[in-house]
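Chain residues, written in single-letter form:
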Amino acid sequence: MNSRKHAAVSSLVSMLMLSFSCSITMQPALAVDPPTASGSSTTSNSTPTVLDASALNGSGGLSSTAGSTTVIDFANLQNVSLTGNLSNSGNIFFASSNPNVNTVNFSAAGIYNMQGALMGSLLPSYLSGFYPIHNLNLSSSTNLVNNGTISSSGNLNLAAVQQVINTGTISSQANLSIQAASIVNSALLSAMQNINLQAANILNSGQINAALGNINIASALSSNIIINNSGGTMQALNGLVNVRDSLYSGIADLNIDGGKIIAQALNLNNGNGKIQAHLDSIEGLVNARGNCA
């Protein structure tokens, strides 16, 4: 008969080990093919290039060179899909000349933001003729890779069928949501409010920081969650770190290993599934609910 385990620990713990099951092996990250620019349009001039989103929709792809500035104006169309890749080595801003446009959905086969590149809806002062997009949704049918900076003036939602990989900075002035089969972060994910991560595999060796809200981690009901936090920090100084939610009643496993967690509380909600947690350090209350054989 299965027995239910509960744990509650307060203050700073140098080594936390909640072993409700046998060990779980981390799954390797998927390989990522480099982006190709075949069939795509390129912006390379140093003065801002303005592209009408309605004309861009359905095109083979978009690429920008280092030092270039591109503004995509979504005044006439708020749902844009590229058949090829979005590859940015310069600056790409998602904006609108219509102040009533607040939400944009932009998808591409692959999204690649190169080292030193900037992409997002947080607009510089010299683009005073445009309004920022407060709900920016970027999705890739393969991978979304950021080696530069992706920033949003409001909510930022990133989705990829395969991997979201970040070696730069991804930030939101409101909520940041990332959904993928695998999330890999070796630099900074930050949000003024909540950070929502939905993935079966999370590899974090960098910083995940929710300034005023919670860090919420989930996956499909039938999927195990494997979090390798070795060398990384998850921080929600004014909120919680929640793995699944209190209503979860499935049987999938949960494995969280290594790194630091700093929050008001860490809540490991795994219903009838098994939990194994080995953390380097944690500051805050710990609540764990799960079953073991």
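Keep in mind it's a predicted model, so treat the numbers as computed, not measured. (Residues numbered from 1 in each chain as written. Predicted model: local features only at pLDDT ≥ 70, side-chain atom pairs only at ≥ 80, totals over all residues. Heavy atoms only, no water.)

Draft legend 1. Representation of the overall build of the protein chain in the model. Helices and strands together make up the secondary structure of the protein chain, namely one helix and 33 strands. By residue count, 52% of the 293 residues in the protein chain fall in the buried class. Element-wise, carbon and sulfur atoms account for 52% of the exposed surface of the protein chain, whose accessible area totals about 12,100 Å². (Helix = DSSP H or I, 4+ residues; strand = E, 2+ residues; numbered from the N terminus. Buried < 20%, exposed > 50% of the residue type's maximum accessible area, 1.4 Å probe, protein only. Areas by Shrake-Rupley, 256 points an atom, 1.4 Å probe, with all protein chains shown as cover.)

Draft legend 2. Highlighting the environment of Thr169. Considering the arrangement of structural elements, one finds Thr169 in strand S20 (residues 169-172). Note: C-alpha distance between Thr169 and Ser190 (21 residues apart in sequence) is 7.9 Å. Each residue touching Thr169, except ones within four places of it in the same chain, is listed here: Asn146, Gly148, Thr149, Ile150 and Leu188. (Contact = heavy atoms within 4.5 Å.)

Draft legend 3. Looking closely at the environment of Thr49. Among the secondary structure elements, Thr49 is positioned in strand S5 (residues 49-52). Overall, Thr49 belongs to the buried group, its relative accessible area being 18%. Separated by 20 residues in sequence, Thr49 and Thr69 have C-alpha atoms that sit 6.2 Å apart.

Draft legend 4. Highlighting the layout of surface pockets. Approximately 180 Å³ is the volume attributed to the largest pocket. Contributing to the lining of the largest pocket are Asn216, Ile217, Ala218, Ser219, Leu221, Asn242, Arg244, Asp245, Leu247 and Tyr248. No other element matches strand S27 (residues 215-218), which puts three residues into the lining of the largest pocket. Grouping the amino acids of the lining of the largest pocket by side-chain chemistry returns five nonpolar, three polar and two charged. (1 Å grid on protein atoms, 1.4 Å probe; cavity = no way out; pocket = protein on both sides within 12 Å on 5 of 7 lines; lining within 4 Å. Points joined across faces, edges and corners; volume = space filled by probe spheres on them. Nonpolar A, V, L, I, M, F, W, Y, C, P; charged D, E, K, R; others polar.)

Draft legend 5. Structural view of the packing of aromatic side chains. This model, assessed by the stated rule, comprises three aromatic pairs. Their ring planes at 75 degrees and their centres at 5.5 Å tell us that Phe94 and Phe106 sit as a pair that is edge-to-face. Note that Phe94 is positioned in strand S10 (residues 91-96) and Phe106 in strand S11 (residues 103-108), a separation of 12 residues in sequence. Residues Phe94 and Phe106 agree in their burial class; the two are buried. Site record: aromatic cluster; members linked through ring pairs are Phe74, Phe94 and Phe106. Over the ring of Tyr248 we find Arg244; its NZ or CZ atom is 4.2 Å from the centre of that ring. (Phe/Tyr/Trp six-rings, centres within 6.5 Å; stacked < 30°, edge-to-face > 60°. Lys NZ or Arg CZ within 6 Å of the ring centre and 35° of its normal.)

Draft legend 6. Here's a closer look at the nonpolar core. By size, the foremost hydrophobic cluster in this structure holds 59 residues, and its most contacted members are Leu86, Phe94 and Phe106. Grouped together as the second largest cluster of nonpolar side chains are five residues, Val71, Ala95, Leu127 and Phe130 included. (Core = buried A, V, L, I, M, F, W, Y, C linked by side-chain atoms within 4.5 Å.)

Draft legend 7. A look at unusual backbone geometry. Positive phi values are uncommon outside glycine, yet Arg244 reaches one of about 60 degrees. Among the structural elements, Arg244 can be located in the loop between strand S29 (233-243) and strand S30 (254-257). Residue Arg244 is classed as buried on the basis of its relative accessible area, which comes to 5%.

Draft legend 8. Molecular detail of the pairing of strand S31 (residues 260-269). Counting buried positions over the 10 residues of S31 gives eight, a clear majority of the element. Sheet analysis places S29 next to S31, joined by eight bridges and oriented parallel. Bridged to Ala236 within S31 is Ala263. (Pairing = 2+ DSSP bridges.)

The values are spatial; any link to function lies outside them.
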